[in-house]
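One-letter residues, chain by chain:
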Amino acid sequence: MVTNDDLIYDERVTSKRTEALFLALTILFFLLLIWRVTAGSLDILAAVFFCLFGLFLFYSVNYRTLIIRLTAESLKLTFGVFTWTVPFDNVEECRLDDVPALMRMGGAGIHFMIIRKRYRASFNFLEHPRVVIVLKRKEGLVRDISFSTRRPDDVLRFIQEAVSAHRAA
């Protein structure tokens, strides 16, 4: 458990545009589901609308806020029910993320993709800059972690200081 004394940095990143998009899609598929059911059709299309409604309802609730927490020991990213912790002794490098435009526009939420032949987990919103962490040791298949932040310079500085402290110890 992280206490406030251990906390170096804490940020909550949100996106009104992403929230509005997920909510609009939730409502759209709910209305399409109602239309299909009231027309008396409980068919494959109604099932598809139900699944898409459920998916975007989950997205609307889960991907509302990305929480970034830095302690002297680790970086912790929390997106709803999903959490990823990166111990600083497993950080090789950190920098601003410079992914190709097509990959940058790949969506909000948590995504897994290959960037420059390296498998990456990305916790992101589209309109905020991203930081990428290069891992010394893979976590499963993941070799890099990227995440959105409103204050990339501060985040990079804090991570670099913590990594340097671990290397010196």
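Overview of the structure.

Let's shift gears to the pairing of strand β2 (residues 65-71). Burial runs high along β2: five of the seven residues are buried. Taken together, the seven bridges between strand β1 (residues 7-14) and β2 define a ladder with antiparallel strand orientation. Bridge pairing in β2 links Tyr9 to Leu70. The pairing of β2 with strand β3 (residues 74-79) spans five bridges and is classified as antiparallel. Pairing of Ile67 across the sheet is with Thr78, part of β3.

Summed over the entire model, instances satisfying the criterion amount to 16 aromatic pairs. Arranged with centres 6.2 Å apart and planes meeting at 80 degrees, the rings of Phe58 and Phe82 form a pair that is edge-to-face. Here Phe58, found in helix α2 (residues 44-62), pairs with Phe82, found in strand β4 (residues 82-87); they are 24 residues apart in sequence, far enough to count as distant. A relative accessible area of 35% places Phe58 in the partly exposed class. Measuring from centroid to centroid gives 6.2 Å for Phe112 and Tyr119, while their planes differ by 15 degrees, and the two rings are stacked. The exposure class assigned to Tyr119 is partly exposed, which follows from its relative accessible area of 27%. Counting every residue linked through ring pairs, the aromatic cluster contains Phe22, Phe29, Phe49, Phe56, Phe58, Tyr59, Tyr63, Phe79, Phe82, Trp84, Phe123 and Phe125. The lysine or arginine in question, Arg157, covers the ring of Phe158, its NZ or CZ lying 4.6 Å from the ring centre.

What counts, and where the lines are drawn
- Residues numbered from 1 in each chain as written.
- Predicted model: local features only at pLDDT ≥ 70, side-chain atom pairs only at ≥ 80, totals over all residues.
- Heavy atoms only, no water.
- Buried < 20%, exposed > 50% of the residue type's maximum accessible area, 1.4 Å probe, protein only.
- Helix = DSSP H or I, 4+ residues; strand = E, 2+ residues; numbered from the N terminus.
- Pairing = 2+ DSSP bridges.
- Phe/Tyr/Trp six-rings, centres within 6.5 Å; stacked < 30°, edge-to-face > 60°.
- Lys NZ or Arg CZ within 6 Å of the ring centre and 35° of its normal.

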